[in-house]
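Residues per chain, in single letters:
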Amino acid sequence: MTVFTLDSGVQVNLSVAKMEPELADVVLSVCGVLAQECANQIISNRKKKRKIWLRDWVARRNILGGSNTLLMELRVEDRPGFMNYMRMSNGHFNILLKKLETRIQKQDTFFREAIPAKTKLEITLRFLATGESYSSLQYFFRVPKCTISLFVPDFCTEIYNVLENFIKCPSSVEEWNEIGKNFGLRWNCPDCYGAIDGKHIVIKAPANSGSEFFNYKGSFSIVLLAVVDHDYCFRYLDVGANGRCSDGGIFRNSSLKLAIENDFLNLLENGYFVADDAFPLTKYMMKPYSRRKLSKEHYIFNYRLSRARRIVENAFRILAHRFQIYLKPIQLQPSKVEEIVKATCALHNWLRITSGSSYMPPGSYDEELAGSTTVRMGSWHSQIQPTSLVEAPPLRFGQNYPRSAIEKRELLYKYFNEEGAVPW
């Protein structure tokens, strides 16, 4: 005897013993389906129903949200205030919004209106500028934090995609010559193609990662390896390596090293990058002499090289103080932090190239006074130091450098002390 209950509550009794075998199989199959449907209905009834579809204070976003109140006032009444809040002028904001709008604007639905692309961009830029928590941003902009957490990483990806051309590694002889010429004019380091260095981006411990992202400072991080040109712009990025790696180890496995050694970048024979002790000495990368029993001439060489390498340190610190998300560990997973790093570097280059001195006013970076070795320190020295940007440990290479690299460094050493010597 098989008993099952319909939705109406009526019980049905079936005796399959008196049926034909084929009919009995069909009846039992139908009973099984009905039983499964009843079980699913019970489970769905037990699920907690959503109490609120949209909170009343969120529904008033278009009237009282920060995008339509304070930011609207700043646009009209206090343009420097808007620039300080968004890290860019209203004109640059509108240009960026126009580039992004068609990529990220969602469609309105029957249930509610989509969040405007302008509001999403304001939230993303404010998050990058301050590192504010999603909870703090949700109350000012009246956008739930669960929604913010979904679109901010995607928005950072789109920012990098539309500004990617502003992070362009040169590939022609003319482009490299232009950079080498400007390094010679501004930093007395001719034929230098860029300064290379790496920084740890401190993050929260990723779930189930063990010691993969654990670095020598006792925190968890991913590494940003970058090449910076004479004008504080990033020319090459390699971001995402786990915190256990050193600068030299990351460079060894980077696409930049592969491109250089296979002559994909058309570097000239006399060109070179400047680096610190974390990198190997090669014919395309110059580093200082070891600090042991150095002559005056060796000290001069080291100083001239470090003078050019100061560019990359300034670029990192300017980046961290324009986008203060780097002032403390980033509470996101590594894949999302990668998108944030690429987006901030792209914004840095775009604003540096298109906004002139308003993005990097004089005094915000280290400068040497004309005709002397006196350095006027940039304003970033007196500000809070970024805890999310940590020096990468040096990877000690042996002294068995290639003969061609040693000879090239000797030629540069001779140039800095003779023909290319400066009076100060």
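Residues numbered from 1 in each chain as written. Predicted model: local features only at pLDDT ≥ 70, side-chain atom pairs only at ≥ 80, totals over all residues. Heavy atoms only, no water.

Draft legend 1. Molecular detail of the environment of S209. One can find S209 in the loop between β3 (192-203) and β4 (220-228). The buried category is assigned to S209, whose relative accessible area is 13%. Put simply, S209 and F220 are 11 residues apart on the chain and 10.0 Å apart in space, counted from C-alpha to C-alpha. Only 2.9 Å separates the side chain of S209 from the backbone oxygen of P206, close enough to count as a polar contact. (Helix = DSSP H or I, 4+ residues; strand = E, 2+ residues; numbered from the N terminus. Buried < 20%, exposed > 50% of the residue type's maximum accessible area, 1.4 Å probe, protein only. Polar contact = N/O pair within 3.5 Å; in protein donor to acceptor, adjacent residues only side chain to side chain.)

Draft legend 2. How the structure looks around the pattern of salt bridges. All chains considered together, the criterion is met by 15 salt bridges. A salt bridge links E339 to K342; the nearest nitrogen and oxygen atoms lie 3.8 Å apart. Placement of the pair is E339 and K342 together in helix α14 (residues 334-354), with a separation of three residues, close to one helical turn. The buried category is assigned to E339, whose relative accessible area is 17%. Through salt bridges with shared partners, one network takes in R75, K118 and E122. (Salt bridge = Lys/Arg side-chain N within 4 Å of Asp/Glu carboxyl O.)

Draft legend 3. Just the environment of P288, in detail. On the secondary structure map, P288 appears in the loop between β7 (285-286) and α13 (296-322). Residues P288 and Y413 lie 125 residues apart in sequence; the distance between their C-alpha atoms is 10.0 Å. Excluding its chain neighbours within four sequence positions, the residues that come into contact with P288 are A275, D276, D277, F301, N302, L305 and R409. (Contact = heavy atoms within 4.5 Å.)

Draft legend 4. The arrangement of helix α7 (residues 117-130) in detail. With 14 residues, α7 should cover 20 Å at 1.5 Å per step; its first-to-last C-alpha distance of 20 Å lies within 8% of that length. Of all 14 residues in α7, 13 are buried; the element is thus mostly enclosed. Once α7 ends, the next one or two residues include G131, with phi positive near 75°. (Expected span 1.5 Å × (residues − 1).)

Draft legend 5. Molecular detail of the environment of V422. Residue position: V422 is located in the segment after α15 (403-417). Residue V422 is classed as partly exposed on the basis of its relative accessible area, which comes to 24%. Along the backbone, V422 and N188 are 234 residues apart, and their C-alpha atoms lie at a distance of 8.3 Å. In contact with V422, other than residues within four places in its own chain, are N188 and R304.

Draft legend 6. Spotlight on the pairing of strand β5 (residues 234-242). Among the nine residues that make up β5, seven are buried, leaving the element largely enclosed by the rest of the structure. The pairing of β4 with β5 spans seven bridges and is classified as antiparallel. Each residue of the ladder has a partner; that of A226, found in β5, is L237. The loop that links β4 with its antiparallel partner β5 comprises five residues; one of these, Y232, has a positive phi angle of about 65°. (Pairing = 2+ DSSP bridges.)

Draft legend 7. Layout of the side chain of E122. By the element assignment, E122 lies in helix α7. A polar side-chain atom of E122 sits 3.0 Å from a polar atom in the side chain of R75. Not counting residues within four places of it along the chain, the set of residues in contact with E122 comprises S67, L71, R75, M86, F93 and F141.

Draft legend 8. Examining the side chain of T124 more closely. One can find T124 in helix α7. Apart from residues no more than four positions distant in its own chain, T124 is found in contact with F151, V152, F155, C156 and I159.

Draft legend 9. Local environment of the packing of aromatic side chains. A full pass over the atoms with the stated rule returns 17 aromatic pairs. Seen from their ring centres, Y415 and F416 are 5.9 Å apart, and the 55° between their planes marks the pair as tilted. Through a chain of ring-to-ring contacts, the aromatic side chains of Y289, F301, Y413, Y415 and F416 assemble into a single cluster. A cation over a ring is seen here: R322 above Y359, with NZ or CZ 5.7 Å from the ring centre. The side chain of K342 reaches across the aromatic face of Y160, ending 5.0 Å from its centre. (Phe/Tyr/Trp six-rings, centres within 6.5 Å; stacked < 30°, edge-to-face > 60°. Lys NZ or Arg CZ within 6 Å of the ring centre and 35° of its normal.)

Draft legend 10. Structural view of unusual backbone geometry. Even without glycine at this site, N188 takes up a positive phi of about 50°. Tracing the backbone shows N188 in the loop between α10 (173-187) and β3. Residue Y232 is not a glycine yet carries a positive backbone phi of 65°. When its relative accessible area of 1% is taken as the criterion, Y232 is described as buried.

Draft legend 11. Structural detail: helix α6 (residues 90-104). With 15 residues, α6 ought to run about 21 Å at 1.5 Å a step, and its terminal C-alpha atoms sit 20 Å apart, in line with that. If you look at α6, its biggest bend is around 35°, right at K98. When α6 is considered as a whole, its buried residues turn out to be H92, F93, L96, L97, L100 and I104. At its buried positions, α6 is contacted by α4 (70-77), α5 (79-86), α7, α9 (145-163) and α14. (Bend = angle between axes of the 7 residues up to and from the residue.)

Draft legend 12. The arrangement of the state of the cysteines in detail. Evaluated as defined, the whole model comprises zero disulfides. Not part of a disulfide, C192 finds its nearest cysteine sulfur in C189, a span of 4.5 Å. Owing to a relative accessible area of 0%, C192 belongs among the buried residues under this scheme. (Disulfide = S-S within 2.5 Å.)

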